[in-house]
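Below are the chains, spelled out letter by letter.
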Protein chains: 4
Amino acid sequence: MMVIINNKENADRIGDYLNSLKVSYQTYNTTESIIFEINDTKNVLDNKIIESFEGVLYVTPLVEDSFLWSRKNKTEDTSITLDNNYTIDNKHVTIIAGPCSVEDVNQIEEITKGVIKAGAHILRGGAYKPRTSPYDFQGMGKDGIVLLHKVKECYNIPVISEIMNINQVEVFKKYVDIIQVGARNMQNYELLTALGKINKPILLKRGMGATIEELLCSAEYILKGGNKNVILCERGIKTFENSTRNTLDLSAIPVLKKLTHLPVFVDPSHGTGDWNYVESMALAAIAAGADGIMVEVHNNPMYAKSDGIQSLNLEHFNQLITKCKKVAKAIDKEIL
Amino acid sequence: MMVIINNKENADRIGDYLNSLKVSYQTYNTTESIIFEINDTKNVLDNKIIESFEGVLYVTPLVEDSFLWSRKNKTEDTSITLDNNYTIDNKHVTIIAGPCSVEDVNQIEEITKGVIKAGAHILRGGAYKPRTSPYDFQGMGKDGIVLLHKVKECYNIPVISEIMNINQVEVFKKYVDIIQVGARNMQNYELLTALGKINKPILLKRGMGATIEELLCSAEYILKGGNKNVILCERGIKTFENSTRNTLDLSAIPVLKKLTHLPVFVDPSHGTGDWNYVESMALAAIAAGADGIMVEVHNNPMYAKSDGIQSLNLEHFNQLITKCKKVAKAIDKEIL
Amino acid sequence: MMVIINNKENADRIGDYLNSLKVSYQTYNTTESIIFEINDTKNVLDNKIIESFEGVLYVTPLVEDSFLWSRKNKTEDTSITLDNNYTIDNKHVTIIAGPCSVEDVNQIEEITKGVIKAGAHILRGGAYKPRTSPYDFQGMGKDGIVLLHKVKECYNIPVISEIMNINQVEVFKKYVDIIQVGARNMQNYELLTALGKINKPILLKRGMGATIEELLCSAEYILKGGNKNVILCERGIKTFENSTRNTLDLSAIPVLKKLTHLPVFVDPSHGTGDWNYVESMALAAIAAGADGIMVEVHNNPMYAKSDGIQSLNLEHFNQLITKCKKVAKAIDKEIL
Amino acid sequence: MMVIINNKENADRIGDYLNSLKVSYQTYNTTESIIFEINDTKNVLDNKIIESFEGVLYVTPLVEDSFLWSRKNKTEDTSITLDNNYTIDNKHVTIIAGPCSVEDVNQIEEITKGVIKAGAHILRGGAYKPRTSPYDFQGMGKDGIVLLHKVKECYNIPVISEIMNINQVEVFKKYVDIIQVGARNMQNYELLTALGKINKPILLKRGMGATIEELLCSAEYILKGGNKNVILCERGIKTFENSTRNTLDLSAIPVLKKLTHLPVFVDPSHGTGDWNYVESMALAAIAAGADGIMVEVHNNPMYAKSDGIQSLNLEHFNQLITKCKKVAKAIDKEIL
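Please read all numbers here as calculations on a predicted model, not as lab measurements.

Remarks on the overall build of chain A
And then number 1: Along chain A, the regular secondary structure elements total 11 helices and 14 strands.
And then number 2: With the principal axes as the frame, chain A shows a C-alpha extent of 75 × 45 × 40 Å.
And then number 3: Split into buried and exposed, the 336 residues of chain A put 65% on the buried side.
And then number 4: On chain A, roughly 12200 Å² of surface is accessible, and the fraction owed to carbon and sulfur atoms is 47%.
And then number 5: Counting 37 positive and 41 negative side-chain charges, chain A places the centres of these two groups 5 Å from one another.

Now the structure itself:
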C-alpha cells in the first residue's frame, strides 16, 4: 500500500500510527511530499482511517487483482456447461424464459412448450416469491420447485428458480439447474456464503440500490467458497425516473465485461416493469454485449398471479426471439 | 375498488374480464366516463393489470388503511417498554450508542461505561457483520452476542445487535433486548416473517435502495405475524451525491410520522459515513421529530476493526448528548 | 376534470371551493364515493391543491393529449429535412459526429474529413462550452461558430453546435443547421421560448436530473412557439452508480417512442464519459430504436482541449459505423 | 501535480507525453512505482487523460485551495450586509419568507405585513417564474419586480426575486436586494458570469441533479468575476424516493460548512413540496447549522397561482418562527 503525505509533521503522525500497529514501511521524500510504502500483509489497516489523517494526499485504493472475479486473475471468460450440455459463454446469447411464478401444472406445461418451441434454452419459474407486500401471492413454495423439476424431466430443459434462505439450499441443489439469488438478497451474505460451498451455477441479480462494485463483492462471497459458476444479472436500479419501474443500467454490461470474466445477463422484464418495453431493452442488451437475457413469459399474462404486466405472451416472445437472433448475428454472436 | 373507464367499448372489455374472474361489480355512467365499483374481497385482482387495460383512467390505489402500520388503524403512537422499564415513545428521544462491532471484553466494557456515563439508554454492538467484501472483518459471531449479554447484565443496560439469518432467531431472542434487521436484509422476507412470530422489539432499518412505502411493507411482514414492537430506522439512501456515503433522508421522519404510529429512529453514523457530520445530522433528526437516534461510538475510533471513520469517540459523544438535550427541549421533548 | 371524494361532508367542502372560484361542475353519487365532473376551461384549478383536500381519492391527472409533443395529436412521426436534403426520420439512423470543441482550423478539418469518410451525416463541434469549472477551456466562442460554418461550406456537411443564451440566437440561426440545447439549459425556459420563434431544427438534450416528462415539457416550450423541428436526446442521468459518469437511460427510447412523435437521439459519449463504453452503448441505442446517435470523435483524443477521455479516435469511429450499419439492418433500419 | 505509475515501461510513455506538451517534471523511483512531480503552471494537462494512461495508479485530484469558495483561502466566514443594515452571517439564522409568485398588490401587501409581524427578515416573491409546463402561470414579469420594489420601500424590508436571463440583470440590480439564481439555472454559466460582474448579493440554488461540488463550481463563476456576496441554498435533489417532491439533502449543510466560507441556506418548501413537512425540515435545517431558511408563505395558499400546496399560511408561519427561535437558541444561534 502506498500513502502520500504533504509534510513532515503529518508524516510523523502516520509513522507513529503504523508503528503502534506494528506494520512495517519505507519512506521516500519528494519535493512536495513524503511517500510511505507499507507492507500490510496481515491486512490490519483500514484505508478510510488512513485517509482521515491530516495531510494525507493519497492512499492506494483496494486492489482489484485481489478479487477472484477480476479479469486480471483469469485470462479466459468463464463458461458454464449445464447437465444437458448446453453451455453459457461469451460466443452465444442464452435465453432464459418462463413465468414469474409457477402457478399450476397446466400453466407451466403450456408455457414450457411455448418457450421451447420459440427457442428458449432455460426455463425460469418462481416458487418462493419475495413480494413487497405480505398480502400478495407468495408462490407455491416447495410444490412449485417439484413441479418445475417434473417439467424439466419431461421436456428436457434446464430450470432456474429463486432461493430465499439458507435452509433451502439442499432442495434447490436437488431440483434446479441454476439457483437464482434475487435482487433483494444480493447482500444476504450468509446465503451467498452457503452457495459458495456447493457446485451449482448461481445467477446473482444486482440489487436495486447496489453499485457494480457491490455486485462484484457479493459474487466474491460465492467464488471465495469455491463455486466458480457465477452469472451476474443486471435488472434495473432505483433512480428518480419513474416512467419505468426501475432504470435498466445497460452500461453495466461493458463495465462488467471490462472488469470481470464472469458471464453477464440482463433481465429486461424486471428492469422496465412493462412488457411494452421488454423487446427494445432485450435487443439493446444483446447489442451491448450481454451473454444472456432473462425474460418473463406467460401463456395468459392478464391472468398471471404475479407480474402479469411485465410478462410477454407466447406470440410476442416468439417474435422477440426472431429479432434477438438477427441482432446477435449483427454483432457476430449466435443464438443456438 | 373503483375503476374509471373512458368509454363504453373499453368498459365492456373490463366487464368481460371481471366476469371471467367471477368478481362482482356495479357500474355508473357519468358524462365523460363509466365507473366500476368492484367488490374484490378475495383479492384476486392485480391493480397493474387493471391499469393496463385500454381506456382506464383511474384505479383505486392500494388502500393504506388495510395495513397494520397505518395511523388509520391505531390512534395512539406505539410505545415499547424494555425489560429494564425504559420506554421508547414519542415524548422522549432515545439514544442508542456503541461500537460498530464488539471486538473484545476490554473494548466493549470501556465503551459501555463511557456511553452510560454520557447518557445513552441502549447499547449497540455488532456480532454478525454484513460486510460488502468477504475479506473484511466479519464480526465475532456468537461470542460477540454472549459478550454483549454479559455487559448488559453487568451494567444493566439494554442491548441491540444485528441478526443475519433465520437460524439465529433463538440466540438473539435469548441474549439481546432489541433485534436489529440491517438495511441489506430489509427485504429478506423469510427473516421478517420469522421475527413476526416472536415478541422481541425489532429495529428495522430502511434499505439503501428502498422507498418509504417499501420500508412500511417490510414492517408489515413483522406486524402481521403478531409482533407489534417494530421501530423504523432511517439510515441513508443511495443518491448521486457522493460527498457523503449515503444521503440521509430526514424528510422520511415527518412523512413516516404522518403515515404510521410506529417509532421512527435515525442513524446518522451510517447515513453520512463520516464522524464529522454525525453531530449536525443527529441534532437535525431530533429537531425533525425523530423518536431516537443510533450513533456509533468507539473508545478508540482509529483502531476500530470496522467503521472507525464514522464513529465518535467518547468525548465527542458526550458533547453530542449535551447538545441533543438542548435541541430536544426546544421542541418540547425530553432525553431521560 | 374528474374528482372523487369519499363522503358527503368532504364533498361539500370541495363544492364550496369550486363555487368560490366560479367553476361549474356536476356530481354523481356511487356507493362508496361522490364524483365531481368539473368544467375548468379557463384552467384556474391547480391539481395539487384539489388533491390536498381531505377525502379526495382521485383527481384526473394532466391530460397528455393537450401537449403538442403527444402522439395523440399527430399520427405521423416527425421527420426533419436539412438544407442539404438529408432527412432525419424513423426509418434511418442518423449519425452525428465530431469533436467536443472546435479548437483550430487544422483540427476541425482533419476530423471533418475523417467522419465524412466513415459515414457521418452531421458534424458536431462546440464553440461555446458550458464547463463545470470556470477555469476549464470555455470554447472559441463566435470564432468557433464561424469556423464550423466554413467547414460546412467547404465539405458540404450540415453542422450542429450548442447555444448558451438568448442573445446568440441570431448568430446560430445564420451559421448552423441544427441548434443544440445542452443538458444544463434544458430548463432555461427563456432560451426555449426564443428558439420556438425560429424555424431551425433544435436538438434538445435531457437534463441530468430531469425526468422524461420534464424533457417533454421543455420540448413543448419550443413547439408551442411554432417551431416543430425538435429532436430529443438522451445523454445520461444522475444516479448512485459511479463506474460511468452518468447512467445512460436507454429505456427512455421506447418510453419516448410510445409517447411522442418527435425523433429520439442518444449521446453515448456524454452518457458514459468513457470512450471504452461508447461502442456498446451506441449499438444498444440503435437496437432499442433510437433515430440517431451523437458521438464525440477527435483526431487525437489525448490532446483534445476538452472531453478527450470520452472521444473516439477516427479509427474506432470508423469501426463503430461498420457495426452500427449491421445492427441497424438487423432491426430493419438503414444508415445512408 | 503528482502522478504515480506502476512500472518503467508505462512511465516512459507518460514521460513522452509530457515532453510532447513541453511540461516539465521530475521523477522518483520507489520499490513499487515511479513518481512524477509535474510543474503544470499553464494548466495544459487534463487529469482524466493522465488517468487513462496504462499503469497510472494515482493522479493528484483538482486542488481545492485553488477555488475562491474554499475555506482554505479565507479564514473568516463570509457575512453579507444588506442596504437596511441587516447582516447575514453564521451567528444568526436569517428568515426569508413570502409567496412563490407576486400576484397583485393586495396579495403581496397582506403577506408582507404578515411575515414582517411574524419576524421574517427578507421578503421573497417570484416575478419571472420558471415553470415546467409552458401552460402554467409564468409570473407577472417586470410588473412583479416593480411591485415587489414598492412593497420594499413602503415596509422597509429587503426583497429577493429570481432572475431568468442575462438581459434582466440591470432591472434586478435596480429593484431587488438579493438576486436569486434558481435550481434550473444553476449551470447557466453565462448568467453566473454576468452576475459576477455586479455587486448585488446572489442566492444560488443547488440544481436538482447537481452535486455539492458542482454547486461550488457554479458559485466560483460568480466569485471569480469579483462578486463576493454569494449565498448557497440547498433545495432538494432528485432521488428514487417519491413521497416528497425532492429529497432535501440536509447533510449538505455540514459538508458545505466544512468546505466553504459562504453562507448556507435551506429551502424546505421546494425541498419537500408539501407544507405539512416544511416545519420539521426548517427546524432540522437550523439544528444542522444552516445560516438561513427560505420559506414559501401565502395569505391564502389554496388560492395561490403557483405552489399553493407547499406554502404555509400566515398562522403556521408564525408558529414556525416561534419554534425556529427555540431551536436556534438551543444551538447558540440567534434569530433577530
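Notes on helix H10 (residues 275-287) of chain A
Three- or four-residue spacings in an α-helix give side chains the same orientation, since the helix completes a turn every 3.6 residues.
Residues and elements named next belong to chain A.
And then number 1: Taking 1.5 Å of rise per residue, 13 residues should cover 18 Å, and H10 covers 19 Å from first to last C-alpha, within 8% of that figure.
And then number 2: The element H10 is largely enclosed, with a buried count of 10 among its 13 residues.
And then number 3: Taken together, the buried positions of H10 are occupied by Tyr-277, Val-278, Ser-280, Met-281, Ala-282, Leu-283, Ala-284, Ala-285, Ile-286 and Ala-287.
And then number 4: Gly-289 sits one or two residues past H10 and shows a positive phi near 110 degrees.

What to know about the pattern of salt bridges
And then number 1: Under the counting rule described, the total for this entry stands at 64 salt bridges over all chains.
And then number 2: Its salt-bridge partner being Arg-206 of chain A, residue Asp-249 of chain A comes within 3.0 Å of it at the nearest N-O pair. Taken as a pair, Asp-249 of chain A in the loop between strand S12 (230-234) and helix H8 (252-259) and Arg-206 of chain A in the loop between strand S11 (202-205) and helix H7 (212-225) lie far apart in primary sequence, 43 residues in all.
And then number 3: Note on Arg-206 of chain A: relative accessible area 1%, which makes it buried.
And then number 4: Between Glu-296 of chain C and Arg-124 of chain C there is a salt bridge; the shortest N-O distance is 3.6 Å. Taken together, the positions of Glu-296 of chain C in strand S14 (residues 292-296) and Arg-124 of chain C in strand S8 (residues 122-124) put the pair 172 residues apart, joining distant regions of the chain.
And then number 5: Taken together, the shared-partner salt bridges connect Arg-71, Asp-77, Lys-257, Asp-291 and Lys-333 of chain A into one network.

Side note on the packing of helix H10 (residues 275-287) of chain B against helix H11 (residues 314-330) of chain B
All names here are of chain B.
And then number 1: Their axes nearest at 9 Å, the elements H10 and H11 cross at an angle of 20 degrees. By the angle class used here, H10 and H11 are roughly parallel. Here H10 runs over H11; the crossing is right-handed. Between H10, through Trp-275, Glu-279, Ala-282, Leu-283, Ile-286 and Ala-287, and H11, the contact on the second element is made entirely by His-316, Leu-320, Lys-323, Cys-324, Val-327 and Ala-328.
And then number 2: Looking at the contact of H10 with H11, its residues break down into nine nonpolar, one polar and two charged.

A closer look at the sheet that holds strand S8 (residues 122-124) of chain A
Residue and element names in this part refer to chain A.
And then number 1: Spatially, the eight strands close up into a barrel ordered S7-S8-S9-S10-S11-S12-S13-S14, and their pairing is parallel. With direction set aside, neighbouring strand axes in the sheet form an average angle of 30 degrees.
And then number 2: Bridging between strand S7 (residues 94-98) and S8 involves two bridges; their strand directions are parallel. From the neighbouring strand, Ile-96 faces S8, where its bridge partner is Ile-122.
And then number 3: Packed onto the sheet, helix H6 (residues 189-196) meets strand S9 (159-163), strand S10 (178-181) and S11 and runs at close to 165 degrees relative to S10.
And then number 4: Those strands touched by H7 are S11 and S12, and its axis lies near 160 degrees from that of S12.

Focus on the interface of chain D and chain A
And then number 1: Chain D puts 17 residues into the contact, and the matching count from chain A is 17 residues.
And then number 2: Carbon and sulfur atoms supply 59% of the area that chain D and chain A bury against each other, a total of about 1400 Å² over both sides.
And then number 3: Remark: the boundary between chain D and chain A carries zero salt bridges.
And then number 4: For the pair chain D and chain A, the number of links is seven residue pairs in polar contact (both at pLDDT 80 or more).
And then number 5: Tallying contributions element by element places strand S2 (residues 24-29) of chain D first for the side of chain D that touches chain A, with three residues.
And then number 6: A per-class count over the side of chain D that touches chain A returns eight nonpolar, six polar and three charged.

Quick look at the interface of chain C and chain D
And then number 1: Across the boundary between the two partners, chain C contributes 48 residues, which contact 48 residues of chain D.
And then number 2: Our enumeration of links across chain C and chain D arrives at two salt bridges.
And then number 3: In this structure, the salt-bridge partner of Lys-238 of chain D is Glu-214 of chain C, at a minimum N-O distance of 2.7 Å.
And then number 4: Put simply, chain C and chain D have 23 residue pairs in polar contact (both at pLDDT 80 or more) between them.
And then number 5: Within the residue set of the side of chain C that touches chain D, elements represented by two or more residues are helix H1 (8-20), helix H2 (47-52), helix H6 (189-196) and helix H7 (212-224) of chain C.

Comments concerning the domain arrangement of chain A
And then number 1: When cut into domains, chain A gives domain 1 (2-62) and domain 2 (80-330).
And then number 2: The gap between the C-alpha centroids of domain 1 of chain A and domain 2 of chain A is 45 Å.

Brief notes about the sheet that holds strand S13 (residues 264-266) of chain C
The strands that make up a sheet are held in pairs by hydrogen bonds between backbone atoms, and each pair lies either parallel or antiparallel.
Residues and elements named next belong to chain C.
And then number 1: With respect to topology, eight strands assemble into a closed barrel ordered S7-S8-S9-S10-S11-S12-S13-S14, the strand pairing being parallel. For this sheet the average axis-to-axis angle between neighbouring strands, irrespective of direction, equals 30 degrees.
And then number 2: Here four bridges tie strand S11 (residues 202-205) to strand S12 (residues 230-234), and the two strands are oriented parallel to one another. Across the sheet, residue Leu-204 finds its bridge partner in S12, namely Leu-232.
And then number 3: Strands S12 and S13 of the sheet are contacted by helix H8 (residues 252-259), whose axis makes an angle of about 165 degrees with S13.

Description of the packing of H10 of chain A against H8 of chain C
Two quantities define a packed helix pair, namely the angle between the helix axes and the distance between the axes.
And then number 1: Where H10 of chain A meets H8 of chain C, the closest approach of the two axes is 9 Å, and the angle between their N-to-C directions is 130 degrees. In terms of axis orientation, H10 of chain A runs oblique to H8 of chain C. Considering how the two elements wind past one another, H10 of chain A and H8 of chain C form a crossing that is right-handed. Here Asn-276, Tyr-277, Ser-280 and Met-281 of chain A of H10 of chain A come into contact with H8 of chain C, specifically with Pro-254, Val-255 and Lys-258 of chain C.

Some words on the relation of the copies chain C and chain D
For the pair of chain copies, the relating transformation is a rotation about an axis with a translation along it.
And then number 1: Its rotation angle being 180 degrees, the transformation that places chain C on chain D also includes 0.0 Å of axial translation and leaves an RMSD of 0.1 Å. Overall, the copies show the geometry of a two-fold rotation axis. Rotation axis and chain C: the residue whose C-alpha lies nearest the axis is Gly-209 of chain C, separated from it by 2.0 Å.

Focus: the relation of the copies chain D and chain A
And then number 1: Of the transformation placing chain D onto chain A, the axial shift is 0.0 Å and the rotation is 180 degrees, giving an RMSD of 0.0 Å.
And then number 2: Both copies contact each other with a shared surface, as 100% of the interface residues of chain D are interface residues in chain A too.

Quick word on the pairing of strand S14 (residues 292-296) of chain B
Residue and element names in this part refer to chain B.
And then number 1: With five of its five residues buried, S14 lies for the most part within the structure.
And then number 2: In this structure, strand S13 (residues 264-266) lies alongside S14, joined through two bridges in parallel fashion. Its bridge partner being in S14, Val-266 is matched across the sheet by Ile-293.

Some remarks on the environment of Asn-43 of chain D
And then number 1: Of note, Asn-43 of chain D is situated in the loop between strand S3 (34-39) and helix H2 (47-52).
And then number 2: On a C-alpha basis, the gap between Asn-43 of chain D and Val-23 of chain D in space is 9.6 Å, while along the polypeptide they are 20 residues apart.

Thoughts on the confidence of the model for chain A
And then number 1: Of all residues in chain A, 99% attain a pLDDT of 70 or more, and the chain-wide mean is 93.
And then number 2: Two summary scores accompany this predicted model of the complex, namely pTM at 0.92 and ipTM at 0.91.

Focus on the side chain of Asp-274 of chain C
And then number 1: For Asp-274 of chain C, the location among the structural elements is in the loop between helix H9 (268-272) and helix H10 (275-287).
And then number 2: Buried and unpaired, Asp-274 of chain C has no salt bridge, with Lys-258 of chain A as the nearest side chain of opposite charge at 4.5 Å.
And then number 3: With near-sequence residues (within four places) excluded, Asp-274 of chain C lies in contact with Lys-258 of chain A together with Ser-269, Ile-309 and Gln-310 of chain C.

Structural notes on the packing of aromatic side chains
And then number 1: Evaluated as defined, the whole model comprises 29 aromatic pairs over all chains.
And then number 2: Measuring from centroid to centroid gives 5.3 Å for Phe-67 of chain B and Trp-69 of chain B, while their planes differ by 10 degrees, and the two rings are stacked. This pair shows no difference in class: Phe-67 of chain B is buried, exactly as Trp-69 of chain B is.
And then number 3: When the centroid spacing of 5.7 Å and the interplanar angle of 50 degrees are considered together, the rings of Phe-67 of chain C and Tyr-135 of chain D count as tilted. Within this pair, whereas Phe-67 of chain C is found in the loop between strand S4 (56-59) and strand S5 (80-81), its partner Tyr-135 of chain D is found in the loop between strand S8 (122-124) and helix H4 (142-155), the two belonging to separate chains.
And then number 4: Taking relative accessible area as the criterion, Phe-67 of chain C reaches 8% and is therefore assigned buried.
And then number 5: Ring-pair connections join several aromatic residues into one group, and the members of that group are Tyr-17 and Phe-53 of chain A together with Tyr-303 of chain B.
And then number 6: Between the NZ or CZ atom of Lys-305 of chain B and the centre of the ring of Phe-137 of chain B, over which it lies, the distance is 5.1 Å.

A closer look at H8 of chain A
And then number 1: Of all the eight residues making up H8 of chain A, six are buried; the element is thus mostly covered by neighbouring parts of the structure.
And then number 2: Turning to H8 of chain A, its buried residues number three or more, namely Ala-252, Ile-253, Pro-254, Val-255, Leu-256 and Lys-257 of chain A.

Details of unusual backbone geometry
All names here are of chain C.
And then number 1: At Asn-156, a position not held by glycine, the phi torsion is positive, near 55 degrees.
And then number 2: In this fold, Asn-156 is placed in the loop between helix H4 (142-155) and strand S9 (159-163).
And then number 3: When its relative accessible area of 59% is taken as the criterion, Asn-156 is described as exposed.

Conventions used here
Residues numbered from 1 in each chain as written. Chains lettered and ligands numbered in written order. Predicted model: local features only at pLDDT ≥ 70, side-chain atom pairs only at ≥ 80, totals over all residues. Heavy atoms only, no water. Helix = DSSP H or I, 4+ residues; strand = E, 2+ residues; numbered from the N terminus. Buried < 20%, exposed > 50% of the residue type's maximum accessible area, 1.4 Å probe, protein only. Areas by Shrake-Rupley, 256 points an atom, 1.4 Å probe, with all protein chains shown as cover. Lys, Arg positive; Asp, Glu negative; His and termini not counted. Charge placed at Lys NZ, Arg CZ, Asp CG, Glu CD. Expected span 1.5 Å × (residues − 1). Salt bridge = Lys/Arg side-chain N within 4 Å of Asp/Glu carboxyl O. Axes fitted to C-alpha atoms, helices over the stretch in contact; angles between N-to-C directions. Parallel < 35°, antiparallel > 145°, perpendicular 65-115°, else oblique. Left-handed = near helix turned anticlockwise from the far one by under 90°. Contact = heavy atoms within 4.5 Å. Nonpolar A, V, L, I, M, F, W, Y, C, P; charged D, E, K, R; others polar. Pairing = 2+ DSSP bridges. Buried area = accessible area lost by both parts, 1.4 Å probe. Polar contact = N/O pair within 3.5 Å; in protein donor to acceptor, adjacent residues only side chain to side chain. Domains from an automatic or database assignment. Least-squares fit on C-alpha atoms with pLDDT ≥ 70 in both. pLDDT = per-residue confidence, 0-100. Phe/Tyr/Trp six-rings, centres within 6.5 Å; stacked < 30°, edge-to-face > 60°. Lys NZ or Arg CZ within 6 Å of the ring centre and 35° of its normal.

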